[in-house]
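Remarks on the overall topology
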Amino acid sequence: MRVLMFGAGAIGCFLGHRLAESGHRVTLIGRPVLVAAVREHGLSLSGKNPASAVVRPQAATTIAATPPEERNWELVLLTVKVYDTKEASRMLAPYLPGGTPVLLVQNGVGGEELAAQCLPDTPLISGVLTMSVSMEEPGQLRQETSSGSLNLAPVGKQPWPAVAEALLSCTGLRVALYDDYRSMKWSKLLLNLLANAVPAILDISPGEAYRAPAVFELERRAFLEALAVMSALGLEVVGFPNYPVKLLAWAMQHMPAPLLRPLMTRVVASGRGDKKPSLQLDLTRGRHQSEVRYLNGAVAVEGARLNVQTPVNKALVETLLGLVEGRLSWEEYRRRPEKLLASSGR
């Protein structure tokens, strides 16, 4: 099978590695430094997984730079950040032959709708990966967690593209299929909310956040607000292999905090490993955009539309965007939970 991987960050390269190792012909589209590394040294994968070979997929900085005879892809994986989805979809559109499915594997919600605006006749598949992966150096991947799955759902009423399941079930990853992509994506959003925005703003570890009762209560309130928005949207909480999200939701709603905090510490550790939260990494690297718009921000926006109160998520997204955009000083929030608690109405 011939696969185009557009957005060769950690997740894109990880899936590209697994596909290439399984014998598929993979082309990566990524930044110049990554393309140079892959061309020179190949793509390696280490960490909590069986020994993996170095693979050598094709790599280019743009689709236009790929050989024309190689552009007969049978599947496209789009793994850019949600905020880059529209531009990436516009770049893809001229190169997609009729009927070639596009699989979006992203954190946050809203990417499928953005892609559909630019690719109205393209079969779209929504995907979420419940596995933590990092890129230590360009072309050098590390799998941080040992369990996880690739979860897929069709977008819209188009027929399910059989090539997607057939291809991705050959990666060695567990593949789970869902009927409602919005329930799947919002259920993954619940996991992405955990120990992400709060540790990023305070510049602390997830463990520190969960050991402080007042900070953990902030995390819990943000989670419960997201559950209320899902209910108002008519979306079901669904579980993933090795991730019983329904049970997690019940625990967050009903368990007393002294019992819940150590349990949630273990849940976050098993899901993330030693990797820092993604929103914290973005701040550390000085990025001027943030996925928080499509995580806590999605909860706040949908809550406002549906008249569901979401003060904690609103405060988290406003604060984090202020830090990312330089309107607020990170020094004022680092290790100062009382300032964040005050801004959230506590």
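Residues numbered from 1 in each chain as written. Predicted model: local features only at pLDDT ≥ 70, side-chain atom pairs only at ≥ 80, totals over all residues. Heavy atoms only, no water.

1. Considerations on the packing of helix 9 (residues 213-233) against helix 10 (residues 245-254)
One can describe the packing of helix 9 onto helix 10 by two numbers: an axis separation of 10 Å at closest approach and a directional angle of 120 degrees. Between helix 9 and helix 10, the crossing angle belongs to the class labelled oblique. Read as a crossing pair, helix 9 and helix 10 show a hand that is left-handed. Mapping the contact onto sequence places Glu-219, Arg-220, Phe-223, Leu-224 and Leu-227 in helix 9 and Leu-248, Ala-249, Ala-251, Met-252, Gln-253 and His-254 in helix 10. Broken down by class, the residue content of the contact of helix 9 with helix 10 amounts to seven nonpolar, two polar and two charged. (Axes fitted to C-alpha atoms, helices over the stretch in contact; angles between N-to-C directions. Helix = DSSP H or I, 4+ residues; strand = E, 2+ residues; numbered from the N terminus. Parallel < 35°, antiparallel > 145°, perpendicular 65-115°, else oblique. Left-handed = near helix turned anticlockwise from the far one by under 90°. Contact = heavy atoms within 4.5 Å. Nonpolar A, V, L, I, M, F, W, Y, C, P; charged D, E, K, R; others polar.)

2. Things to note about the sheet that holds strand 9 (residues 140-143)
Pairing within the open sheet is mixed, and its three strands lie in the order 3-9-8. Looking at strand neighbours, the two that pair on one side only are strand 3 (44-47) and strand 8 (133-137), the edges of this open sheet. Neighbour-to-neighbour, the strand axes of the sheet open up by a mean angle of 35 degrees, direction not taken into account. Alignment of strand 3 against strand 9, held across four bridges, turns out to be parallel. By the bridge assignment, Ser-46 is partnered in strand 9 with Arg-142. (Pairing = 2+ DSSP bridges.)

3. Examining the pattern of salt bridges
Enumeration over the complete set of coordinates arrives at 13 salt bridges. With a closest N to O distance of 2.8 Å, Lys-185 and Glu-112 form a salt bridge. Pair noted here: Lys-185 is in helix 6 (residues 181-193) and Glu-112 is in helix 4 (residues 111-118), with a separation of 73 residues, a long-range link. The same class applies to Lys-185 and to Glu-112, which are both buried. In the salt-bridge network here, residues are joined through shared partners; they are Asp-203, Glu-331 and Arg-334. (Salt bridge = Lys/Arg side-chain N within 4 Å of Asp/Glu carboxyl O. Buried < 20%, exposed > 50% of the residue type's maximum accessible area, 1.4 Å probe, protein only.)

4. A few points about the nonpolar core
Counting 83 residues, the largest nonpolar core has Trp-186, Leu-189, Leu-194, Phe-240 and Leu-320 as the members making the most contacts within it. It is helix 9 that provides the largest number of residues to this core, a total of ten residues. Ignoring sequence-local partners within four residues, the contact set of Leu-320 consists of Ala-197, Ala-200, Ile-201, Leu-279, Leu-283, Ser-290 and Val-292. Core analysis: the next-biggest nonpolar cluster, separate from the first, contains 31 residues, Leu-19, Leu-34, Val-35 and Ala-164 among them. (Core = buried A, V, L, I, M, F, W, Y, C linked by side-chain atoms within 4.5 Å.)

5. Some remarks on the confidence of the model for the chain
Per-residue confidence for the chain gives a mean pLDDT of 90; residues scoring 70 or more make up 95%. By mean pLDDT, the top-scoring element of the chain is helix 13 (residues 296-306) (98), and the lowest-scoring one is helix 5 (residues 162-168) (70). (pLDDT = per-residue confidence, 0-100.)

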